[in-house]
Amino acid sequence: MKKIRKAVFPVAGLGTRFLPATKASPKEMLPLVDKPMIQYVVEEAIASGIEEIILITGRGKNAIEDHFDNAIELEQLLKEKNKLEELKMIKDISDMCDFVYIRQKEPLGLGHAILRAKNAIGPEPFAVLLGDDIIYSDGVPALKQLITVYEETGSSVIAVEKIPRSKISSYGVVDTEWEKDDSCKIRGLVEKPAEDKAPSELAVIGRYILTPKIFELLENVERDKSGEIQLTAGLNELCALEDMYGCKFSGKRYDAGNKLGFLMATVEYGLRRKEFGDEFRNYIKALNL
Ligand code: G1P
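Residues numbered from 1 in each chain as written. Predicted model: local features only at pLDDT ≥ 70, side-chain atom pairs only at ≥ 80, totals over all residues. Heavy atoms only, no water.

Undergrad: Let's hear about the environment of Phe-280: which residues, and what values?
TA: Positionally, Phe-280 belongs in helix α11 (residues 277-286). For Phe-280, a relative accessible area of 24% puts it in the partly exposed group. Distance from Phe-280 to Gly-270, taken between C-alpha atoms, is 7.3 Å for residues ten residues apart in sequence. What Phe-280 contacts, discounting residues up to four positions off in sequence, is Val-267, Gly-270 and Leu-271. (Helix = DSSP H or I, 4+ residues; strand = E, 2+ residues; numbered from the N terminus. Buried < 20%, exposed > 50% of the residue type's maximum accessible area, 1.4 Å probe, protein only. Contact = heavy atoms within 4.5 Å.)

Right under this line is the structure:
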């Protein structure tokens, strides 16, 4: 069985939900406490054994490339000032793994973004991580949990989470052949169904292990009403041809792609910090709202 070595990060989105913060800087660079959101997800991928990260970028995303590159002047300055801890932190970011950048020239959907990585991936299964979904785990990273299911089955695996019906229409939703406590077998998917049309309460979360067959399917899939190539349409065809499993990962997921979810993540990541977590907890408790 081929090892999962490469991961695709679609990061070309405009981030309109966070305007004006995202007018001139990418939403992926918004910090949770002191680290850009994208770095949390990159670290999850690396902790799961990924060796090469392929970012599908677009206009206005240069800050992401700079973040994962060397910062010569900053490194020099930190060296001169003997700030060795900060120096190591900065250098570690660029040394984490190999980064490849591919431009998505037009915003034609998630499926279109992933299709841009076809040549960079080649004939091997790969991971996809969506930066809006931040998953905290103090045990096995979420992507690693999906990789374990892939290693057991040799099939595509999608992260799924039970979501209240009232919120299900914001997600891709899976139709299952069977469901267990920690997994399910997927026989179909619907993108953002109306509450009463959802085939289950299991929503797709932004972590995927996909076989390379997906590229051929995405190339031929019918475009949606807005002319976009949806990943869900490709996945729906893939699961008709090959087995596909859902992984009910353990870990806490934040939908950091909307303001409330982002604030919740900020508070909880703040509370987890050793240096000031207790003080922050006391501050929040004492708030008289
Ligand atoms: C995308 C996918 C959707 C999935 C979601 C997870 O939607 O299209 O199937 O449930 O990510 O975050 P988006 O949030 O980009 O609209």
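Undergrad: Summarise unusual backbone geometry; cite the residues concerned and give the values.
TA: Looking along the chain, the bond that leaves Leu-19 and enters Pro-20 is cis, with omega of 5 degrees. Note that Pro-20 resides in the loop between β1 (6-10) and β2 (31-32). Even without being a glycine, Val-33 presents a positive backbone phi close to 65 degrees. Within the secondary structure, Val-33 is located in the loop between β2 and β3 (35-36). According to the relative accessible area criterion, Val-33 is partly exposed, its value standing at 31%. Unusually for a residue other than glycine, Asn-82 sits at a positive phi of about 60 degrees. By the secondary structure assignment, Asn-82 is in the loop between α3 (72-80) and α4 (84-95). Note on Asn-82: relative accessible area 57%, which makes it exposed.

Undergrad: Now, about helix α8 (residues 213-220): what can you tell me, with residues and values included?
TA: For an α-helix, 3.6 residues make a turn, and residues three or four places apart therefore share a direction. Within α8, the full set of buried residues consists of Ile-214, Phe-215, Leu-217 and Leu-218. The buried residues of α8 occupy an angular sector of 165 degrees when projected down its axis, which confines them to one face. (Arc of directions from axis to C-beta.)

Undergrad: An account of the nonpolar core is needed here, citing residue identities and associated values.
TA: Soluble globular proteins: nonpolar side chains tend toward being buried together. Phe-9, Ile-53, Ile-134 and Ile-209 are the most contacted members of the largest nonpolar core, which has 50 residues in total. With 33 residues, the next largest nonpolar core counts Val-160, Val-174, Leu-189 and Ile-229 among its residues. (Core = buried A, V, L, I, M, F, W, Y, C linked by side-chain atoms within 4.5 Å.)

Undergrad: Account for the pairing of strand β12 (residues 244-247), with residues named and values stated.
TA: Residues Met-244 and Gly-246 line one face of β12 and the alternating positions Tyr-245 and Cys-247 line the opposite face, and both faces are buried. Pairing of strand β8 (residues 156-162) with β12 involves four bridges; the strand directions are parallel. Note on β12: the bridge partner recorded for Val-157 is Tyr-245. Two strands pair when backbone bridges link them, and strand β10 (residues 183-191) and β12 are joined in this way by three bridges, in the antiparallel orientation. Counterpart to Ser-183 in the pairing with β12 is Cys-247. (Pairing = 2+ DSSP bridges.)

Undergrad: Mind laying out the site of the ligand, listing which residues take part and the relevant values?
TA: Around the ligand, the surrounding shell consists of Leu-110, Leu-130, Asp-133, Tyr-171, Gly-172, Glu-191, Lys-192, Val-204, Gly-206 and Thr-232. Between the ligand and the protein, one listed contact pairs an oxygen atom with a backbone N or O atom of Gly-172 at 2.9 Å. Lys-192 is positioned such that a nitrogen or oxygen atom in its side chain is 2.7 Å from an oxygen atom of the ligand. Coverage of the ligand by the protein amounts to 78% of the 380 Å² it exposes when considered alone. Class assignment for the residues of the shell around the ligand results in four nonpolar, three polar and three charged. (Near = heavy atom within 4 Å. Polar contact = N/O pair within 3.5 Å; in protein donor to acceptor, adjacent residues only side chain to side chain. Areas by Shrake-Rupley, 256 points an atom, 1.4 Å probe, with all protein chains shown as cover. Nonpolar A, V, L, I, M, F, W, Y, C, P; charged D, E, K, R; others polar.)

Undergrad: Explain the packing of α3 against α4 to me, and be specific about the residues and the numbers.
TA: Orientation of α3 relative to α4, taken along the N-to-C sense of each, is 160 degrees, at an axis distance of 8 Å. One way to sum up the angle between α3 and α4 is to call them roughly antiparallel. As α3 packs across α4, the resulting crossing turns out to be left-handed. The segment α3 lies against α4, with Leu-74, Glu-75, Leu-78 and Lys-79 engaging Glu-86, Leu-87, Ile-90 and Lys-91. Its residues placed into classes, the contact of α3 with α4 shows four nonpolar, no polar and four charged. (Axes fitted to C-alpha atoms, helices over the stretch in contact; angles between N-to-C directions. Parallel < 35°, antiparallel > 145°, perpendicular 65-115°, else oblique. Left-handed = near helix turned anticlockwise from the far one by under 90°.)

Undergrad: Give a detailed account of the pattern of salt bridges, specifying residues and quantitative values.
TA: Counted by the stated rule, this structure contains 25 salt bridges. As a salt-bridge pair, Glu-28 and Lys-61 come within 2.8 Å of each other at their nearest N and O atoms. A residue pair is termed long-range when its members are at least 10 positions apart, and Glu-28 in the loop between β1 and β2 and Lys-61 in the loop between β4 (52-57) and α2 (62-67) qualify at 33 residues. Residue classification places Glu-28 among the buried residues on the basis of a relative accessible area of 7%. The class for Lys-61 is buried, based on a relative accessible area of 4%. The salt bridge partner of Arg-281 is Asp-278, with a shortest N-O separation of 3.6 Å. Of this pair, Arg-281 and Asp-278 are both found in helix α11, three residues apart, which corresponds to roughly one turn of the helix. In this structure Arg-281 comes out as partly exposed when scored by relative accessible area, which is 32%. (Salt bridge = Lys/Arg side-chain N within 4 Å of Asp/Glu carboxyl O.)

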